[in-house]
Amino acid sequence: HVHDNQEAYWQIAGPGAWRTWPEHFSEQPNEKPDSEIRITTASACQRLHNHPSGLIHEMDTTNDDDFLLAVYWWAKPAGVAT
């Protein structure tokens, strides 16, 4: 998904895959993400996942039998009503 808000996730425990996609992502067959990381046990330097405004991104736990515990921060642009 993509939106105009800033997001950040702090991965505390559990596995997950984090992906970002090209700006003009079109869901074509075999289109690959710009980046993809899978973290099973997050160390201190791997815990923060930033998603700036306008970046197509996803978090995926589909292939994991475990849980993902994360703190989620979402900031809306100034002047936008909730």
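Criteria and thresholds
- Residues numbered from 1 in each chain as written.
- Predicted model: local features only at pLDDT ≥ 70, side-chain atom pairs only at ≥ 80, totals over all residues.
- Heavy atoms only, no water.
- Pairing = 2+ DSSP bridges.
- Helix = DSSP H or I, 4+ residues; strand = E, 2+ residues; numbered from the N terminus.
- Axes fitted to C-alpha atoms, helices over the stretch in contact; angles between N-to-C directions.
- Phe/Tyr/Trp six-rings, centres within 6.5 Å; stacked < 30°, edge-to-face > 60°.
- Buried < 20%, exposed > 50% of the residue type's maximum accessible area, 1.4 Å probe, protein only.

S.K.: I would appreciate a short explanation of the sheet that holds strand S4 (residues 48–51) in the present structure.
M.R.: Picture the strands of a sheet paired through backbone hydrogen bonds; they go either parallel or antiparallel. With respect to topology, three strands assemble into an open sheet ordered S4-S1-S6, the strand pairing being antiparallel. Since the sheet does not close on itself, it has two edges, and those belong to S4 and strand S6 (69–75), each with one partner. Across the sheet, the mean angle separating the axes of adjacent strands is 15° when strand polarity is ignored. Across four bridges, strand S1 (residues 6–13) lies against S4 in antiparallel orientation. Within the sheet, the bridge partner assigned to Ala 8 lies in S4 and is Asn 50.

S.K.: What am I meant to see in the pairing of S1 here?
M.R.: Regular strands show a simple pattern: their side chains alternate between the two faces of the sheet. Looking at chain direction, S1 and S6 are connected through seven bridges and run antiparallel. Paired with Gln 6 across the strands is Ala 75, a residue of S6.

S.K.: Hey, could you run me through the packing of aromatic side chains in this one?
M.R.: One pair of aromatic rings is described through two measures. These are the centre distance and the angle between the planes. Per the counting criterion, the structure on display carries two aromatic pairs. Measuring from centroid to centroid gives 5.4 Å for Tyr 9 and Trp 18, while their planes differ by 55°, and the two rings are tilted. Given the relative accessible area of 11%, Tyr 9 is considered buried. By relative accessible area, Trp 18 is classed as buried at 4%. When the centroid spacing of 4.7 Å and the interplanar angle of 35° are considered together, the rings of Tyr 9 and Tyr 72 count as tilted. Separated by 63 residues along the polypeptide, Tyr 9 in strand S1 and Tyr 72 in strand S6 bring together distant segments of the chain. Among the residues examined, Tyr 72 registers a relative accessible area of 42% and is labelled partly exposed. Aromatic rings pair up to connect Tyr 9, Trp 18 and Tyr 72 into one cluster.

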